[in-house]
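Summary of the model geometry
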Amino acid sequence: MKKVAVIGSGTMGNGIAHVFAQNGFSVSLIDISEEALQKALGTIAKNLDRIVAKGAITEDQKQQTLTNITTFTSMQEGVQEADLVVEAATENVDLKLKIFRDLSSFAKPEAILASNTSSISITKIASVTDRPDKVIGMHFMNPVPVMKLVEIIRGYSTSDEVTTQIMEISKQLGKVPTECNDYPGFVANRILMPMINEAIYSLYEGVAGVEEIDTIMKLGMAHPMGPLQLADFIGLDVCLSILRVLHDGFGNPKYAPCPLLVNMVQAGHKGIKSGQGFYSWSHGTKELIVADRFKKN
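Described below are features of the structure shown in this document. The model shown is predicted, which means the values in this text are computed figures rather than measured ones.

Looking at the state of the cysteines
What the rule picks out here adds up to zero disulfides. With no disulfide of its own, C239 has C258 as its nearest cysteine by sulfur position, at a separation of 12 Å. A residue is classified by how much of its surface remains accessible, and C239, at 1% relative accessible area, is buried. You can call C258 buried: its relative accessible area is 0%.

Written out as structure tokens, the structure reads:
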């Protein structure tokens, strides 16, 4: 299994393409936008430059990694020779279902179909394909080239053989694959998102400010990043989407998203990607500056 197709060239997609290509796989990177694909290749090249600067790889290895990636704006053309397809499109259930319906026709019958979804049911995704036994979750962590974990999610019909193959492929990427079953939020987000939501509630209810909440969690719980900073990094719209999946899937009010989070997303304040969330990200430095709305009077 040496040919991999990655659908989506955004933050997660280009990171996934990067790690496969760096480990000798032939990668087809697919997106509907040629501009997005060129931006993704630029991001991969910059990330590889950092690795070269650290002495972890050579310049020749960097060039070989880039050579291993071919871009496509046609999904049908991009996936036709792939042994493994990894979908890394926007966390939108309707979009993912459409992609997997199309993959039933476009991908070769023996190809494994994986989703990088962080919360959407693998069983539901598999149900629209012609091969539910070959559908699995590969939830990479962001940033993909750095983070070791891959959460491997077995759908209701995922076969033992496919699970074993994906576990082994993840190890070939230098990752630590960890298996779990298909329930809302899986493990990572089932635990993480309620913590982030509770941090937002603590701000919303005036328990403490942005800096105080993040400092307490960083210094008191040894977290490398506070929950509000992490929410900005993930994307507040993504956090909201995952919380809604948890709330709908379990029917438990403890997963209901904080009204402040809902309002921020509706106002277009999505964190780093929009330049503003709980912190301001438009100043061009790594300094953490609390957004004006949340500064103390």
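There is more to say after this.
Side note on the nonpolar core
The tendency in soluble globular proteins is for nonpolar side chains to be buried side by side. Membership of the largest hydrophobic core comes to 34 residues, with the highest contact counts inside it found for F20, L84, M138, F140 and I166. For this core, the element with the highest residue contribution is helix α1 (residues 11-22), accounting for six residues. In contact with F20, not counting residues within four places along its chain, are V4, F25, V27, L84, V86, M138, F140, I169 and L173. Membership of the second largest hydrophobic core comes to 27 residues, among which are L228, L246, Y255 and V265.

Points about helix α9 (residues 210-221)
A rise of 1.5 Å per residue sets the reference length of α9, with its 12 residues, at 16 Å; its end C-alpha atoms lie 16 Å apart and thus fit the reference within 8%. Within α9, the full set of buried residues consists of V210, I213, D214 and M217. The buried residues of α9 occupy an angular sector of 90° when projected down its axis, which confines them to one face. Exposed residues lying more than 90 degrees from the buried face of α9 are I216, L219 and G220. Those residues of α9 that are buried are in contact with α8 (188-204), α10 (227-234), β9 (279-280) and β10 (289-290). Looking one or two places after α9, you find A222, whose phi comes out positive at around 60°.

A look at helix α12 (residues 259-266)
Among the residues of α12, L260, L261, V262, M264 and V265 are the ones counted as buried. Packed against the buried residues of α12 are α8 and α11 (236-250).

A word on the packing of aromatic side chains
Counted according to the given criterion, the structure contains five aromatic pairs. Pairing F20 with F25 gives two aromatic rings, centres 5.1 Å apart and planes at 90°, and the pair type is edge-to-face. Grouping residues by exposure puts F20 and F25 together as buried. Its end group placed over the ring of F25, K2 keeps NZ or CZ at 4.5 Å from the ring centre.

About the cut-offs
- Residues numbered from 1 in each chain as written.
- Predicted model: local features only at pLDDT ≥ 70, side-chain atom pairs only at ≥ 80, totals over all residues.
- Heavy atoms only, no water.
- Disulfide = S-S within 2.5 Å.
- Buried < 20%, exposed > 50% of the residue type's maximum accessible area, 1.4 Å probe, protein only.
- Core = buried A, V, L, I, M, F, W, Y, C linked by side-chain atoms within 4.5 Å.
- Helix = DSSP H or I, 4+ residues; strand = E, 2+ residues; numbered from the N terminus.
- Contact = heavy atoms within 4.5 Å.
- Expected span 1.5 Å × (residues − 1).
- Arc of directions from axis to C-beta.
- Phe/Tyr/Trp six-rings, centres within 6.5 Å; stacked < 30°, edge-to-face > 60°.
- Lys NZ or Arg CZ within 6 Å of the ring centre and 35° of its normal.

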